[in-house]
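Okay, here's what each chain looks like letter by letter:
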Amino acid sequence: MSKLTSKTRNLLVAAAGAGLLLAGATTAQASETTQAQSTQAVEKPTIVLLHGAYADGSSWSGVTSRLQRDGYNVVAPAVPLRGIASDTSYLSGVLATIPGPKVLVGHSYGGALVSELADTAGVKSLVYVAAFIPEAGETLGALNSQFPGSELGPDTTNVISYPGGVDLALKPETAGPILAADIPARQGAVFLAAQRPVAAAAFSEPIQETAPAALPKYAVIPTGDKAIAPAAERFMATRAGAKKIEIDGASHLVAVSQPAAVTDVIERAAR
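Residues numbered from 1 in each chain as written. Predicted model: local features only at pLDDT ≥ 70, side-chain atom pairs only at ≥ 80, totals over all residues. Heavy atoms only, no water.

**Student:** Let's hear about unusual backbone geometry: which residues, and what values?
**Tutor:** The phi angle at Y54 is positive, at roughly 70 degrees, despite the residue not being glycine. Looking at the secondary structure, you find Y54 in the loop between strand 1 (46–50) and helix 2 (61–69). Even without being glycine, S108 reaches a positive phi, approximately 55 degrees. In this fold, S108 is placed in the loop between strand 3 (102–107) and helix 4 (110–117). (Helix = DSSP H or I, 4+ residues; strand = E, 2+ residues; numbered from the N terminus.)

Here's what the structure looks like:
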């Protein structure tokens, strides 16, 4: 009887030990899963949205709301629009306040700034939306005139001279149909009424940096763009090794008219 009891006791001890080991393994696995989930949440990149000339951060509103809904931190800073070097310097300071990985997204003129800022610590990918993708030494004005198709020019632009320099602003009556053919006319009128002029010298200022070849790049090309010719956008995207996503019939303000499609490309870049 005592022999059986001893054997039973040994079995019970062994079973208890196995149970403790199993509980410890389960706890360790749960801890590892929690840590992995926490790390994944921390490492989800911040999306930095850079608007183009004549615009402000509100031009990204439809994209911003969708990204936030999907759990992304979004920063859409006000670009000063004072020139490539000046704007890059300011935005470098903005990026320095954003920890962790980042995806840089630029619309139109903002694409040049994305390229200039591409070597910032933490940048994991670049997205160009109806944007310039210049190389070092080029100017935006020369790139835009290299291919036919842009309808922006003297007839669509007002020149604002002031003691500090010369700015350009768009004429709503002529620029509206060019920029925003696929959004309601009233919405386009609101955009143009609140436009922010850009320094004229920005379009003749040489680019200093070419975006690193190894960095993943995406280019959204609206086929109805009349501000930057789609042929120019295709050329620049191909040259940069960017994955091209064309949106049929969309205008230059594709982030306004097709925010879901643009958001999809940004989230692809973020993943």
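**Student:** Could you give an account of the confidence of the model for the chain, with specific residues and numbers?
**Tutor:** Taken over all residues, the pLDDT of the chain has a mean of 88, while the share at 70 or more is 85%. A low-confidence stretch, residues 1–41 stays under pLDDT 50, and its non-local contacts, those more than four residues away or across chains, total zero contacts. (pLDDT = per-residue confidence, 0-100. Contact = heavy atoms within 4.5 Å.)

**Student:** Account for the pairing of strand 5 (residues 157–162), naming residues and giving values.
**Tutor:** The side chains of a regular strand alternate, residue by residue, between the two faces of the sheet. Across six bridges, strand 5 lies against strand 6 (residues 165–170) in antiparallel orientation. Across the sheet, Y162 pairs through a bridge with G165, a residue of strand 6. The turn linking strand 5 back onto strand 6 is made up of two residues. (Pairing = 2+ DSSP bridges.)

**Student:** Can you lay out the pattern of salt bridges for me, pointing to particular residues and giving the numbers?
**Tutor:** Tallied over the entire structure, the rule returns six salt bridges. We note a salt bridge from R82 to D167, for which the minimum N-O separation is 3.1 Å. You can see R82 sitting in the loop between strand 2 (74–75) and helix 3 (84–95) and its partner D167 sitting in strand 6, a full 85 residues away along the chain. Note on D167: relative accessible area 10%, which makes it buried. Linking E135 and R239 is a salt bridge whose minimum nitrogen-to-oxygen distance equals 3.4 Å. Of this pair, E135 sits in the loop between strand 4 (123–129) and helix 5 (140–146) while R239 sits in helix 8 (residues 230–240), placing them 104 residues apart in sequence. On the basis of relative accessibility, which here comes to 27%, the residue E135 falls in the partly exposed class. A single salt-bridge network, built from bridges that share partners, covers E135, E138 and R239. (Salt bridge = Lys/Arg side-chain N within 4 Å of Asp/Glu carboxyl O. Buried < 20%, exposed > 50% of the residue type's maximum accessible area, 1.4 Å probe, protein only.)

**Student:** Go over the sheet that holds strand 2, please, and point to the residues and values.
**Tutor:** Strand order in the open sheet formed by six strands is 2-1-3-4-8-9, and the pairing between neighbours is parallel. Since the sheet does not close on itself, it has two edges, and those belong to strand 2 and strand 9 (243–247), each with one partner. Pairing between strand 8 (residues 217–222) and strand 9: five bridges, direction parallel. Note on strand 9: the bridge partner recorded for A219 is K244. Of the strands in this sheet, strand 1, strand 3 and strand 4 touch helix 4, which is tilted by about 150 degrees from strand 3. The sheet strands contacting helix 8 are strand 8 and strand 9, and the helix crosses strand 8 at an angle near 170 degrees. (Axes fitted to C-alpha atoms, helices over the stretch in contact; angles between N-to-C directions.)

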